[in-house]
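# Residue-level structure breakdown
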Amino acid sequence: MQSLHEADTIVRNRAMNYFASHQRLWLFGYGSLIYKVDFPFLQRRPAVIRGWERRFWQGSHDHRGTHAAPGRVVTLVESEDALCRGMAFEITPDVFEHLDHREKNGYLREVVDLQFDDGPGEEALVYIAGPDNPAYLGPASEAAIARQIGVSVGPSGPNRDYLLRLAAALRALGALDPHVFALEEALLTQVPSSLTTPQEYGPQPGNKCEQYGERDGR
Ligand code: SIN
C-alpha cells in the first residue's frame, strides 16, 4: 500500500518533458487554477476540453484539509461525451516549479486537446489526480461530499472557500456544472456557517503575477 507521502508528484512531474522544446505553452485550469491565479501568465482565454468531467473526488491533505481529516478538491474523470469548461493560460516553462509544488498531492501533468471559446484548438497541459494516487477518495453522495467540505480546513483555509470560489468562477465563465452547483447548494443549505456567505465569492480579478511567491495557497 502506498503511503500518502508517495502522493507527492513533484519528481514524476519534473520528468515529464512533453513540452520541453516549447518556449511557451498552454495550461488548462479547471479547479482552483481558475480562481487563484498565483503564477505569471502571458494571456488567458476561456476554453473547454472534451471527454473529461470535473469531480470533487480528490482528497486534500495539504491545502484544504489535513492528514487526519482530508478535505475534497476537484480532479478530472474520463467521460466520453462530457465537456469541461475552464480557463487556459499561456505560460512559460519556468512556471512549472511553482505549479508542481502547488499540485503535488497526487496531480500529474497530462496532455489534452483544448478548444478556445473564441478560436481553434491547441494542445495543453493539465494537472489530473488519477484514481491510483493514494490521496484519491473517489465518489460519494452529494450530501456526504458537501458535509466533508463543510467541516474541513487546511493550510490554505476552509474547504468550503474552495467550493464556493470555484462555483462563483464557473458561473462567471458561463459554465454549467451540475456536480459543482449541486454541491454548492448542498453546502449552503445543509452545512450552514455564519462565517461564509455566497456573496463573498464573486470572480477574482487576478493579474499576471501579483501573488506569485505565495507558494502554499490553493
Ligand atoms: C486545476 O485547477 O486545474 C487543478 C486542480 C486544482 O488546483 O484545484
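Residues numbered from 1 in each chain as written. Predicted model: local features only at pLDDT ≥ 70, side-chain atom pairs only at ≥ 80, totals over all residues.

### Describing the overall build of the protein
In terms of regular secondary structure, the protein is built from six helices and seven strands. The burial tally for the protein puts 44% of its 218 residues in the buried class. A fraction of 77% describes how many contacts in the protein between residues 6 or more apart in sequence connect residues 24 or more apart. (Helix = DSSP H or I, 4+ residues; strand = E, 2+ residues; numbered from the N terminus. Buried ≥ 20, exposed ≤ 12 C-beta atoms within 10 Å, placed from the backbone. Contact = placed C-beta atoms within 7 Å.)

### Comments concerning the nonpolar core
In this structure, Phe-28, Ala-88, Leu-166 and Leu-183 are the most contacted members of the largest nonpolar core, which totals 52 residues. Broken down by element, the residue count for this core peaks at nine residues, all from strand 3 (residues 71-91). Leaving out residues up to four positions away in the same chain, Ala-88 has contacts with Trp-26, Leu-27, Phe-28, Arg-44, Arg-45, Ala-47, Leu-114, Phe-116 and Ala-124. (Core = buried A, V, L, I, M, F, W, Y, C linked by C-beta atoms within 7 Å.)

### Details of helix 4 (residues 142-151)
Since the α-helix packs 3.6 residues into each turn, any two residues three or four apart lie on the same face. Along helix 4, the positions that sit buried rather than exposed are Ile-145, Ala-146, Gln-148, Ile-149 and Gly-150. For helix 4, the elements touching its buried residues are strand 2 (43-60), strand 3, helix 5 (159-173) and helix 6 (178-190).

### Quick word on the pairing of strand 1 (residues 25-29)
Among the five residues that make up strand 1, five are buried, leaving the element largely enclosed by the rest of the structure. Alternating positions in strand 1 separate into two faces, Leu-25, Leu-27 and Gly-29 on one and Trp-26 and Phe-28 on the other, with burial throughout. As defined by bridge partners, strand 1 adjoins strand 3 across five bridges and the pair is classed as antiparallel. From the neighbouring strand, Leu-27 faces strand 3, where its bridge partner is Phe-89. Here strand 1 runs beside strand 5 (residues 121-129); their pairing, made up of two bridges, is parallel. Within strand 5, the position partnered with Leu-27 by the bridge is Leu-125. (Pairing = 2+ DSSP bridges.)

Such coordinate-based values are descriptive only and should not be taken to indicate function.
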